Amino acid sequence: IIVRSTDCQVGKTTTMKPYILVLALSLTGALGAQSKEEVEVRRVLDSKYAAISKSFVNSDYKTFGSYLTEDFKSKSQGTDLNKKQVIEDFKAQGSRMSQVAWVKTIEKLLVAGDRATAWVHGHMKAKMEMSSDKLADFTLDVESKDLWVKRQGVWKLLSSETLQFTPTINIDVLVWFH
């Protein structure tokens, strides 16, 4: 295997040795061995995360709640919330946002029978209402550890723990002096 790449700074073509390519792919997980079960669970959970994001974007909190177990718990910044509280919190957040895009990516997944632990990166971009006439660019990056359980053949989210939470709000403020 020979891979050719162009060095953008110098404009010359170089040749990468096969063992370097294999090492690079191994380090990125592209050649990582996963069981058929892990591959299938990842596929299912990826679709669940996409559906959760879509339900939030569309303000469909009933559907959002259907992905959570009845005994769902969330821990974020020292606060514990149950399923009902999380849905209410999402409604409050969603009511102030427009032009929302939310992508969740599974970074790592461990599967043990009917339980799966996913380390997830979430990235949200939106316009957030700051006052009646001001919108701000809002981004949110979240790292979380989610525990999924398979109940009656369906994967549902049992708990989510926020590991890192980085919101950014950019707003242009004009101050007029008289």
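To be clear, the structure that these remarks concern was listed above.
Nothing here was measured: the structure is a model prediction, and the numbers come from that model. (Residues numbered from 1 in each chain as written. Predicted model: local features only at pLDDT ≥ 70, side-chain atom pairs only at ≥ 80, totals over all residues. Heavy atoms only, no water.)

**Observations concerning the sheet that holds strand β5 (residues 97-112)**
What links the strands of a sheet is backbone hydrogen bonding, and the strands pair in either a parallel or an antiparallel sense.
And step 1. Read across the sheet, six strands follow the order β4-β3-β8-β7-β6-β5 without closing on themselves; strand pairing throughout is mixed. Bordering the open sheet on either side are β4 (79-82) and β5, each of which pairs with just one other strand. Each neighbouring strand pair of the sheet contributes to a mean axis angle of 20°, computed without reference to strand direction.
And step 2. Packed on one face of the sheet, helix α2 (residues 36-57) meets β5, β6 (115-131), β7 (134-151) and β8 (154-170) and runs near 160° to β5. (Pairing = 2+ DSSP bridges. Helix = DSSP H or I, 4+ residues; strand = E, 2+ residues; numbered from the N terminus. Axes fitted to C-alpha atoms, helices over the stretch in contact; angles between N-to-C directions. Contact = heavy atoms within 4.5 Å.)

**Observations regarding α2**
At 3.6 residues per turn, the α-helix brings residues three or four places apart onto the same side.
And step 1. Compared with the 32 Å implied by 1.5 Å per residue over 22 residues, the 32 Å span of α2 between its first and last C-alpha is a close match.
And step 2. For α2, the elements touching its buried residues are α3 (61-66), α4 (83-94), β5, β6, β7 and β8.
And step 3. With its phi angle positive at about 55°, S59 sits one or two positions after the end of α2. (Expected span 1.5 Å × (residues − 1).)

**Quick notes on the nonpolar core**
And step 1. Among the nonpolar cores identified, the biggest contains 33 residues, and L45, F56, M97, L109, A116, M124 and W148 are the most heavily contacted of them.
And step 2. Counting residues per element, the ones that place at least two in this core are α2, α3, β3 (68-76), α4, β5, β6, β7 and β8.
And step 3. With seven residues, the top contributor of residues to this core is α2.
And step 4. Filtering out sequence-adjacent residues up to four positions away, M124 remains in contact with F56, M97, V100, A101, W102, F138, T139 and L140. (Core = buried A, V, L, I, M, F, W, Y, C linked by side-chain atoms within 4.5 Å. Buried < 20%, exposed > 50% of the residue type's maximum accessible area, 1.4 Å probe, protein only.)

**A look at the environment of L45**
And step 1. As for its position among the elements, L45 is in helix α2.
And step 2. Spatially, the C-alpha atom of L45 lies 9.7 Å from that of L109, the residues being 64 residues apart in sequence.
And step 3. Not counting residues up to four positions away in its chain, the partners in contact with L45 are I106, L109, A116, W148 and W155.

**Concerning the packing of aromatic side chains**
And step 1. For the coordinates displayed, the defined rule picks out six aromatic pairs.
And step 2. When the centroid spacing of 6.4 Å and the interplanar angle of 75° are considered together, the rings of F56 and Y61 count as edge-to-face. The same class applies to F56 as to Y61, namely buried.
And step 3. Measuring from centroid to centroid gives 5.2 Å for F56 and F90, while their planes differ by 80°, and the two rings are edge-to-face. (Phe/Tyr/Trp six-rings, centres within 6.5 Å; stacked < 30°, edge-to-face > 60°.)

Worth remembering: the numbers are spatial, not functional.
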